[in-house]
Amino acid sequence: MAKGLTRAQAAALYARLAAARPNPRTELEYVNPFTLLVAVVLSAQATDKSVNRTTKDLFSVADTPKEMLALGEEGVARRIQTIGLWRNKARNVTALSKALLAEHEGEVPHDRRALEALPGVGRKTANVVLAEAFGEATIAVDTHVFRVANRTGLAHGKTPAEVEAGLMRITPPEYLRGAHHWLILHGRYVCLARRPDCAACIIRDLCVYPAKALDLARTKASAATGAKSRKKHPVK
């Protein structure tokens, strides 16, 4: 089994991420729990930036389940067709709006089981909503969190559920509320999938990523090559 971080190392890792981003929050734009739920559903296999561009128009005409249902599936589809899987997502958004009106008086439920029973809502989406809208100490595991947790040794697992369980065990209570945001932002901007920027990583000395040394060496070599090129061809 791959080496993991100790509790003390995990606490140090979170302390550094917290110092770098004291007030982490989702980059998805929303105005209420319902629009947060819709935005997270739309974000599957899409970037937050692309979702925000789409929801700016969508939420201007429908920011409640009643208004969304009034748009209808085709009306929603027309407004979200710039993001991936838009037809299926339009179907889910209208279906979950109908379910919220029929079963929850138009309110987003503060309950995991009820959230996961909604069309298009899985555990990750439920965790995001519970944490962001209701302040619960949950950790949603998306591709970024999954990658960072496994690479750093914070929590190893072959499935999101295994990684989530590992993160919940090792994350100190004082960092639980921000853990998802710190890890997702670190994965999005530093610990990239294909080319992690280990040289810029503030937790690299704690990380157990085996290719870390190679990435650091590659960065130094690239910098040295650039310096030599500038020396041979100085800017006039």
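Everything numeric in this text was worked out from a predicted model, so none of it was measured.

Q: Explain the overall build of the protein chain to me, please; I cannot follow it from the model alone.
A: A tally of helices and strands in the protein chain yields 11 helices and zero strands. Here the protein chain holds 236 residues, and the buried ones make up 44% of them. The contacts of the protein chain with a sequence gap of at least 6 include a subset with a gap of at least 24, amounting to 59%. In the structure as shown, the protein chain presents an accessible area of about 12700 Å², 54% of it carried by carbon and sulfur atoms.

Q: How should I be thinking about empty space enclosed by the protein in this particular structure?
A: Gaps left between atoms are located by rolling a probe of water-molecule size over the structure's atoms. Under the definition given, this model contains one cavity of 30 Å³ or more. The space that makes up the largest cavity amounts to roughly 80 Å³. Lining the largest cavity, in full, are Thr-152, His-186, Val-190, Cys-191, Pro-196, Asp-197, Cys-198, Cys-201, Arg-204, Cys-207, Tyr-209 and Lys-212.

Q: Help me understand the pattern of salt bridges in this model?
A: All told, the structure shown has nine salt bridges when counted by the stated rule. Linking Arg-25 and Glu-132 is a salt bridge whose minimum nitrogen-to-oxygen distance equals 4.0 Å. With a gap of 107 residues between them, Arg-25 in the loop between helix H1 (7-20) and helix H2 (33-42) and Glu-132 in helix H7 (residues 123-134) connect regions that are remote in the sequence. Residue classification places Glu-132 among the buried residues on the basis of a relative accessible area of 17%. Linked by salt bridges that have partners in common, Arg-112, Glu-116, Arg-123 and Glu-164 make up one network.

Q: Looking at this model, I keep getting lost on H2. Mind explaining?
A: In an α-helix there are 3.6 residues to a turn, and that puts residues three or four apart on one side. Burial analysis of H2 places nine of its 10 residues in the buried class, which makes it a mostly covered element. Buried within H2 we find Phe-34, Thr-35, Leu-36, Leu-37, Val-38, Ala-39, Val-40, Val-41 and Leu-42. At its buried positions, H2 is contacted by helix H3 (48-61), helix H4 (65-80), helix H5 (86-104) and H7.

Q: I tried to follow the packing of H1 against helix H10 (residues 176-189) on my own but got confused; where do I start?
A: Packed helices, taken two at a time, are described by the angle between their axes plus the distance between the axes. Remark: H1 packs on H10, axes separated minimally by 10 Å, with the N-to-C direction vectors making an angle of 80°. The orientation of H1 with respect to H10, classified from their angle, is roughly perpendicular. Here H1 contributes Tyr-14, Leu-17 and Ala-18 to the contact with H10, which in turn contributes Ala-179, Trp-182, Leu-183 and His-186.

Q: I tried to follow the packing of aromatic side chains on my own but got confused; where do I start?
A: Note on aromatic pairs: each is described by the distance of the centres and the angle between the planes. Summed over the entire model, instances satisfying the criterion amount to three aromatic pairs. A ring pair is formed by Tyr-14 and Trp-182, whose centres lie 6.4 Å apart and whose planes are at 55°; its orientation type is tilted. Of this pair, Tyr-14 sits in helix H1 while Trp-182 sits in helix H10, and the two are 168 residues apart along the sequence. Judged by its relative accessible area of 0%, Tyr-14 falls in the buried class. Between Tyr-175 and Trp-182, the aromatic rings sit 5.9 Å apart at their centres with planes inclined by 70°, giving edge-to-face as the arrangement. Accessibility assignment for this pair places Tyr-175 and Trp-182 in one class, buried.

Q: Would you mind showing me how to read H3 here?
A: Between its terminal C-alpha atoms H3 stretches 20 Å, which fits the 20 Å expected from 14 residues at 1.5 Å a residue. Thr-55 marks where H3 bends most, by close to 35°. Buried residues belonging to H3 abut H2, H4 and H10.

Q: Sorry if this is basic, but what is going on with the layout of surface pockets here?
A: Considered as a void within the structure, the largest pocket measures approximately 570 Å³ in volume. Counting residues per element, the ones that place at least two in the lining of the largest pocket are H3, H7, helix H8 (143-152) and H10. Ranked by residue count, the leading element in the lining of the largest pocket is H10, at six residues. When its residues are assigned to classes, the lining of the largest pocket shows nine nonpolar, nine polar and seven charged.

Q: Where do I start with the environment of Arg-78 in this structure?
A: Mapping Arg-78 onto the fold places it in helix H4. Separated by 20 residues in the primary sequence, Arg-78 and Leu-58 place their C-alpha atoms 9.4 Å from one another.

Q: Would you mind going over the packing of H2 against H3 with me for this structure?
A: Direction vectors running N to C along H2 and H3 enclose 140°, while the axes themselves pass 10 Å from each other. If you check the angle between H2 and H3, you find them oblique. Between H2 and H3 the crossing geometry is right-handed. Within the contact between the two elements, H2 uses Thr-35, Val-38, Ala-39 and Leu-42 and H3 uses Val-51, Thr-55, Leu-58 and Phe-59. Grouping the amino acids of the contact of H2 with H3 by side-chain chemistry returns six nonpolar, two polar and no charged.

Analysis parameters
Within every chain, residues take consecutive numbers counted from 1 along the sequence as written. Note on the predicted model: pLDDT of at least 70 is required for a residue's local features to be given, and 80 or more for side-chain atom pairs to be given and counted; whole-chain, interface and lining totals, by contrast, use all residues. To obtain the side-chain values, all non-hydrogen atoms of the structure were used and water was disregarded. Put simply, DSSP marks the helices as runs of H or I at least four residues long and the strands as runs of E at least two long, and each gets a number from the N terminus on. Remark: exposure states derive from per-residue accessible area (1.4 Å probe, protein chains only) relative to the maximum for the residue type, with buried under 20%, exposed over 50%, and partly exposed in between. Two residues qualify as a contact provided that any one of their heavy atoms is within 4.5 Å of a heavy atom in the partner residue. Only the protein chains shown count as covering a residue, and every accessible area follows the Shrake-Rupley method with a 1.4 Å probe. A pocket here means an open set of points on a 1 Å grid, computed over the protein atoms alone, that has protein on both sides within 12 Å along at least five of seven lines. A cavity is instead a set of points where a 1.4 Å probe fits but cannot get out; residues with an atom within 4 Å of a point line either one. Grid points are joined across faces, edges and corners, and a volume is the space filled by probe spheres set on the points. A pair is scored as a salt bridge if a Lys or Arg side-chain nitrogen falls within 4 Å of a carboxyl oxygen belonging to Asp or Glu. As a rule, the C-alpha atoms of each element are fitted with a line to give its axis, helices using only the stretch in contact, and angles between N-to-C directions run from 0 to 180 degrees. Should an angle lie under 35 degrees it is considered roughly parallel, over 145 roughly antiparallel, and from 65 to 115 roughly perpendicular; all remaining angles are considered oblique. Here a Phe, Tyr or Trp ring, Trp counted by its six-membered ring, pairs with any other such ring whose centre lies within 6.5 Å, and the pair is stacked when the planes are under 30 degrees apart, edge-to-face when over 60, and tilted otherwise. How far a helix is expected to stretch is found by multiplying one less than its residue total by 1.5 Å. In this scheme, the bend at a residue equals the angle between the axes fitted to the seven residues that finish there and the seven that begin there. Amino acids are sorted into nonpolar (Ala, Val, Leu, Ile, Met, Phe, Trp, Tyr, Cys and Pro), charged (Asp, Glu, Lys and Arg) and polar (every other residue, Gly among them). By definition, turning the near helix anticlockwise from the far helix through less than a right angle yields a left-handed crossing, and turning it clockwise yields a right-handed one.

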